[in-house]
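Residue-level listing of the chains:
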Amino acid sequence: MTDVQTDQIVVVSLAEPISQPLLDELDHEYSTRYADYHGFDQPQDAPSEIELYPPFVFEPPLGLALLIVRDGVPVAGGAFMHLDDRTVEYKRIWTSSAHRRQGLSRRVLAALDVEAAARGYSRVYLTTGPRQPEAKHLYLRTGFTPLFDLDEDPEKIVHLAFEKRIVPTGPRVRHLSESDRSRQARQLERIIWAQQYHPSPALRLDDLAGGIPDRMHH
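I tried to follow unusual backbone geometry on my own but got confused; where do I start?
Excluding glycine, a negative phi dihedral is what most residues carry, and trans is how most peptide bonds are arranged. Cis geometry is found at the peptide bond from Pro-60 to Pro-61, where omega equals 10°. Mapped onto the secondary structure, Pro-61 falls in the loop between helix 2 (49-52) and strand 2 (64-70). Unusually for a residue other than glycine, Arg-92 sits at a positive phi of about 60°. Looking at where Arg-92 falls in the secondary structure, it is placed in strand 4 (residues 87-95). Residue class for Arg-92 comes out buried when judged on its relative accessible area of 2%. Positive phi, close to 65°, is recorded for Arg-101, a residue that is not glycine. Relative to the helices and strands, Arg-101 resides in the loop between strand 4 and helix 3 (104-118). The exposure class of Arg-101 is exposed, given its relative accessible area of 88%.

Would you mind going over helix 4 (residues 133-141) with me for this structure?
Turn by turn, an α-helix covers 3.6 residues, leaving residues three or four places apart pointing in a common direction. All of the buried residues in helix 4 are Ala-135, Lys-136, Leu-138 and Tyr-139. The arc that holds the buried residues of helix 4, viewed along the axis, is 160°, so those residues lie on one side. Among the structural elements, strand 4, helix 3, strand 5 (123-128) and strand 7 (160-165) are those in contact with the buried residues of helix 4. Residue Gly-143 follows helix 4 closely and has a positive phi angle near 95°.

I tried to follow the pairing of strand 3 (residues 73-84) on my own but got confused; where do I start?
Looking along a regular strand, one sees side chains alternate from face to face of the sheet. Most of strand 3 is tucked away: 10 of the 12 residues are buried. Here strand 2 hands over to strand 3 after 2 residues, with Asp-71 in that stretch at a positive phi of 50°. The pairing of strand 3 with strand 4 spans 7 bridges and is antiparallel. Bridge pairing in strand 4 places Ala-79 opposite Lys-91. Counting the residues between successive antiparallel strands, the hairpin from strand 3 to strand 4 contains 2 residues.

What is the right way to read the pattern of salt bridges from this model?
Should their charged atoms come close, side chains of opposite charge can pair. Within this structure, the stated rule accounts for 21 salt bridges. The salt bridge partner of Arg-119 is Glu-115, with a shortest N-O separation of 2.8 Å. On the accessibility criterion, Glu-115 (22% relative accessible area) is partly exposed. Two residues, Arg-131 and Glu-155, come together in a salt bridge whose shortest N-O distance is 2.9 Å. Taken together, the positions of Arg-131 in the loop between strand 5 and helix 4 and Glu-155 in helix 5 (residues 154-157) put the pair 24 residues apart, joining distant regions of the chain. Residue class for Arg-131 comes out partly exposed when judged on its relative accessible area of 23%. Salt bridges linked by common partners bring Asp-84, Arg-86, Arg-123, Glu-163, Arg-165, Arg-204 and Asp-206 together as one network.

Quick notes on the rules
- Residues numbered from 1 in each chain as written.
- Predicted model: local features only at pLDDT ≥ 70, side-chain atom pairs only at ≥ 80, totals over all residues.
- Heavy atoms only, no water.
- Helix = DSSP H or I, 4+ residues; strand = E, 2+ residues; numbered from the N terminus.
- Buried < 20%, exposed > 50% of the residue type's maximum accessible area, 1.4 Å probe, protein only.
- Arc of directions from axis to C-beta.
- Contact = heavy atoms within 4.5 Å.
- Pairing = 2+ DSSP bridges.
- Salt bridge = Lys/Arg side-chain N within 4 Å of Asp/Glu carboxyl O.

Okay, here's the thing in structure tokens:
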């Protein structure tokens, strides 16, 4: 059994070489699982999921990325980016194919929760694809509420969206240096641009107070 005490959780930039295994394996997984899937309805020249959000959107002041490193080798990781003033969107959730079934994804999610809460966020949003049932089950087991009908065919839903609330532990508004303000503006510009391919969520957790709307079935 692996001694988790030897693992380190480190904050990184996804532009750093140590993060490349995460990006490479995610890109391979997306391209192989969805090679013959046409439900995403994207233009032929649309960027890939990895290209759509470059590393800088997952860096401070509005984002963050982290890895679990074991003996100098990244074995799991994840990141978040700004979605709105209360919400971050988790992306790049990854566990090395050689290190699965060790609870690493749960540890990544828990570490991201701590970091997002420390920055004053109170909600977490994420999506997964219809051909990633293990991801869907992970999010259901870790406190996320599905924003879709679990009885519907996932391939008809296309983007399986989830959300959960977290308790902020730090201030949302921080004093930013001029360089941080410049980077924040660049991050927001890119995130808004990407919405033409990855639209903002139409349904949110607050909308579910009255139950699952009929439009979630379509």
